[in-house]
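Close look at the chain arrangement
Residues per chain are reported as follows:
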Amino acid sequence: RVPAKEDYLYNFSNSGAAGDDLMAGPFRQVPALAALMEKEPERWRHGLVVIRIGLNDWQRMLPLHAQDPFAPEIDKVVARCRSRVAEAIARLRRHQPGLKFLVVGIGNEIDDPAQFDRFRSSAESRNVRTALDRFNNAMHEVAERTHGTAFFDQDAWFLRLWGSRDPDGQPDNYKTVTVGGSFVVTNTAGDDPRNALLSDHHAGVVWNALWAQALVQRLREALGLVALTPVGDDELWRYLQPLVAPDGVKAPGS
């Protein structure tokens, strides 16, 4: 669709990065991006910045979420991440007032198969949900209060596709996702593309492709970026088919 990107010039993702790394610390993601914008002001005059951070702050406290979703420690994380995202937007807008922003929420960590043997009660599952909603609502609030900024609800996206645990907190209630007519992807972990997650529990190829499809749609509907062509299901499958079929053999039903 576009020329392949062969570098990470505008990608400031770092393994383990937390909310504070937007503005401070060794990564200083926002100051680094601002410096690049100063070198290419015309390129960024109508640019878009996606801010997706906070999961590393959040997942470290998962047992506390399950016990007390209103604990003071959770309050501090929510306030800190909300503040850092707002600061990041304000800082970059000083360089380019016309920038648009997409703030991405975080998903429910107990939907990760690595957590399936934990938090297996209705109370724990409900508490984790309450804590998660507090974080995502804070990020949504930043977006709602900031001109030219939208929120992408990743948790709602996952719920729509794969669902959640059952009301008793048991992880046997997840749906399957079908692409290409018959290629089925489950909420499991493994390096076969039929798993939503890789063995290391990062997102797999189908997850990422579906996520990109939803992201483009959100940019179009929330920020008016209608010049972005939607990623249709047929196009999605044309991209995925050679990746999910070993040795170039077509997947069943393709």
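Preceding this section is the structure that the text describes.
A few points on the structure. For clarity, every value in this text was computed on a predicted model and none was experimentally measured.

Thresholds applied
- Residues numbered from 1 in each chain as written.
- Predicted model: local features only at pLDDT ≥ 70, side-chain atom pairs only at ≥ 80, totals over all residues.
- Heavy atoms only, no water.
- Core = buried A, V, L, I, M, F, W, Y, C linked by side-chain atoms within 4.5 Å.
- Buried < 20%, exposed > 50% of the residue type's maximum accessible area, 1.4 Å probe, protein only.
- Contact = heavy atoms within 4.5 Å.
- Salt bridge = Lys/Arg side-chain N within 4 Å of Asp/Glu carboxyl O.
- Helix = DSSP H or I, 4+ residues; strand = E, 2+ residues; numbered from the N terminus.
- Expected span 1.5 Å × (residues − 1).
- Pairing = 2+ DSSP bridges.
- Axes fitted to C-alpha atoms, helices over the stretch in contact; angles between N-to-C directions.

Core analysis: the biggest nonpolar cluster contains 34 residues, and L22, V49, I51, W58, V85, L92 and M139 have the highest contact counts within it. Discounting residues that sit within four places of it in the chain, I51 has contacts with L22, V85, A88, I89, F101, L102, V103 and V104. Core analysis: the second largest hydrophobic core is formed by 31 residues, V177, A209, A214 and L240 among them.

Attention now moves to the pattern of salt bridges. Under the defined criterion, the tally for this structure stands at 13 salt bridges. We note a salt bridge from R80 to D57, for which the minimum N-O separation is 3.2 Å. Linking R80 in helix α5 (residues 72-95) with D57 in helix α3 (residues 55-59), this pair joins segments that are 23 residues apart in sequence. On the basis of relative accessibility, which here comes to 28%, the residue R80 falls in the partly exposed class.

Working note: non-glycine residues mostly have negative phi, and peptide bonds are mostly trans. We note that F119 has phi near 55 degrees; this positive angle belongs to a residue other than glycine. Within the element layout of this structure, F119 appears in the loop between β2 (100-104) and α6 (122-145). Despite not being glycine, H201 shows a phi value in the positive range, around 70 degrees. As for its placement among the helices and strands, H201 is situated in the loop between β6 (195-197) and α8 (205-223).

End to end, α6 covers 34 Å across 24 residues, agreeing with the expected 34 Å (1.5 Å per residue, within 8%). For α6, the complete set of buried residues consists of S125, N127, V128, A131, L132, F135, N136, A138, M139, V142 and A143. Against the buried residues of α6 lie α3, α4 (62-67), α5, β2, β3 (149-152) and α7 (154-161).

Read across the sheet, three strands follow the order β1-β2-β3 without closing on themselves; strand pairing throughout is parallel. On the outer flanks of this sheet lie β1 (48-51) and β3, each paired with one strand and no other. Each strand of the sheet is rotated relative to its neighbour by a mean of 20 degrees, with strand direction disregarded. Here β1 runs beside β2; their pairing, made up of four bridges, is parallel. Its bridge partner lying in β2, V49 is registered against F101. Helix-sheet contacts for α5 involve β1, β2 and β3, and the interaxial angle to β2 is about 165 degrees.

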